[in-house]
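Residues per chain, in single letters:
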Amino acid sequence: MKTIIEPFRIKSVEPIRMTSAAERLELLNEAHFNLFNLHSEHVLIDLLTDSGTSAMSQEQWAAIMRGDESYAGSKSFFELEERVKDIFGYKHLIPTHQGRAAERILFSVVARPGMVIPNNNHFDTTRANIEYQKCEAVDLVIDEGTKPELLHPFKGNVDVKKLRKLIEERGRSKIPMVMITVTNNTGGGQPVSMANIRDVSAVCHEYGLPLFLDACRFAENAYFIKLREPGYEDKTPLEIAREMFSYADGVTMSAKKDALVNMGGFIAMNNDEWAAKCRNLLILTEGFPTYGGLAGRDLAAMAQGLSEILDEDYLRYRLASTEYLGRHLDELGVPCVKPSGGHAIFIDARAFLDHIEPLQLPGQALACALYEQGGIRSVEIGTVMFGKVNPETGEQLAAPMDLVRLAIPRRVYTQSHMDYVIEVFADLAKSRDSIRPMAFVDQPPFLRHFTAKFKRL
Ligand code: F0G
């Protein structure tokens, strides 16, 4: 197999700055060992997130210039609406400033206290917005999806038996909608098969329940279906995406992922009554329905991004480059969630640093070591993010897994950047026993990972 080259050439560059290990140790100390406190100019390769970090194309920058900034009836809105109808097929488009705004508006309209919304795995903001409505967010991913080492082509699938059981136990009137996140970010960026979307849709429609997709990474999911699901090898990503959406009644979308923009999102759906209610809430906090908290130029860039994301050369390169990183880390003996996800590689820090107990924060220790060693920023997804403190005893409780996510921004880094990341891991693999455990110095009561302070033990 030949090298999978980046299917673009570089027209505008953004310098990144080298720092020395000694400088980085000082910066880590100043940041209280919390990588969210670093200034981005001190990061050489930033793998904190794939969200809002894409490089825009020349056509997107051109669209920015053509953006229509009219308060009402912007031409850019109608261009976006046409593009969204073409791919997603739904009647109503409601733009929002990002994914979580779409979630807040939708759940404010459909959810009432005491209700339950199932998903394969809810992303944190989705869960938080459901809980904010005093509802329960339930994860129903298949058992295979929770085992990091296990190989399965569609680890993001929903367990249909568990879904049926939940509907029977709680009653359909307690469930305003069922969701599926494509790809399943929380579960490792793992795809959902077409067969699974179809089966979940059939159960939903049997009980008269609407199905919504959290569609942030829909194009990556569509390409995984093409690569892995029999019967789809000759279909285009657009045909596959259209079929995925045909089984659902609507979507929430963070356009900061697979619409290749730095800011934006939307809700799209068929239900007239829900759409009218969502638009009323939108006007209250986001803006008039033809801009929804965005500038006209943002809508124009999003419409263009949606025209580019389903390009086969791009998607082939995208999934191959993530897999390239995962494969090389695996060869170095760095334990990763398998198979590689679409947008990120998740490292099992608890297994990699087996001399560090979960309550001594192996994920945070690895993320800090990765920055100190090579200037690479990642994010801990483990005991720091999801561990709990018993409010009565003050006892710390570990999360089920301690992962470190290397999320890959779209069209930003080249293969040589990834080779450098692999080389830094080769060094870390040799010196892993000397990576020190960590402890909290200070932590806030909610979403503690953003602002907590740490020390090395
Ligand atoms: N749903 C999923 C599956 C996501 O991954 C995200 C964001 C959202 C919803 C919320 O969208 O950020 O536009 O409000 N994920 C980012 C990440 C933040 O780093 O994984 P948003």
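**Topic: the domain arrangement of the chain**
For the chain, the domain assignment lists domain 1 (21-50 + 312-456) and domain 2 (58-308). Placing a centre on the C-alpha atoms of domain 1 and another on those of domain 2 gives a separation of 27 Å. Tallying the contact residues gives 25 residues for domain 1 and 31 residues for domain 2. Together, the buried faces of domain 1 and domain 2 total about 2,200 Å²; carbon and sulfur atoms form 56% of this surface. The interface formed by domain 1 and domain 2 holds 7 salt bridges in total. The partner of E312 in a salt bridge is K226, with the nearest N and O atoms 3.5 Å apart. Our enumeration of links across domain 1 and domain 2 arrives at 12 residue pairs in polar contact (both at pLDDT 80 or more). By residue class, the composition of the side of domain 1 that touches domain 2 is 12 nonpolar, 4 polar and 9 charged.

**A few points about the sheet that holds strand β14 (residues 403-407)**
As summarised here, the arrangement of the 3 strands in space is β9-β14-β11, forming an open sheet in which the pairing is antiparallel. With partners counted over all chains shown, the strands left at the sheet margins are β9 (344-348) and β11 (379-381), one partner each. Each adjacent strand pair in this sheet contributes to an overall mean axis angle of 30°, direction not counted. Two elements, β9 and β14, share 5 bridges in a ladder whose sense is antiparallel. The residue of β14 that forms the bridge with F346 is R405. Along the sheet face, helix α14 (residues 362-374) touches β9, β11 and β14 and points at about 40° away from the line of β14.

**Re the packing of aromatic side chains**
For the coordinates displayed, the defined rule picks out 13 aromatic pairs. Ring centres of F8 and Y317 lie 5.7 Å apart, and the angle between their planes is 85°; on these two criteria the pair is classed as edge-to-face. You can see F8 sitting in the segment before α1 (21-30) and its partner Y317 sitting in helix α12 (residues 312-331), a full 309 residues away along the chain. Seen from their ring centres, Y71 and Y291 are 5.1 Å apart, and the 70° between their planes marks the pair as edge-to-face. Remark: Y291 occurs in the loop between α10 (272-285) and α11 (296-308) and Y71 occurs in the loop between α2 (58-66) and α3 (75-88); sequence separation between them is 220 residues. Residue Y71 is classed as exposed on the basis of its relative accessible area, which comes to 55%. What links up through ring pairs into an aromatic cluster is the set F88, Y90, F218, F245 and F266.

Parameters and conventions
Residues numbered from 1 in each chain as written. Predicted model: local features only at pLDDT ≥ 70, side-chain atom pairs only at ≥ 80, totals over all residues. Heavy atoms only, no water. Domains from an automatic or database assignment. Contact = heavy atoms within 4.5 Å. Buried area = accessible area lost by both parts, 1.4 Å probe. Salt bridge = Lys/Arg side-chain N within 4 Å of Asp/Glu carboxyl O. Polar contact = N/O pair within 3.5 Å; in protein donor to acceptor, adjacent residues only side chain to side chain. Nonpolar A, V, L, I, M, F, W, Y, C, P; charged D, E, K, R; others polar. Pairing = 2+ DSSP bridges. Helix = DSSP H or I, 4+ residues; strand = E, 2+ residues; numbered from the N terminus. Axes fitted to C-alpha atoms, helices over the stretch in contact; angles between N-to-C directions. Phe/Tyr/Trp six-rings, centres within 6.5 Å; stacked < 30°, edge-to-face > 60°. Buried < 20%, exposed > 50% of the residue type's maximum accessible area, 1.4 Å probe, protein only.

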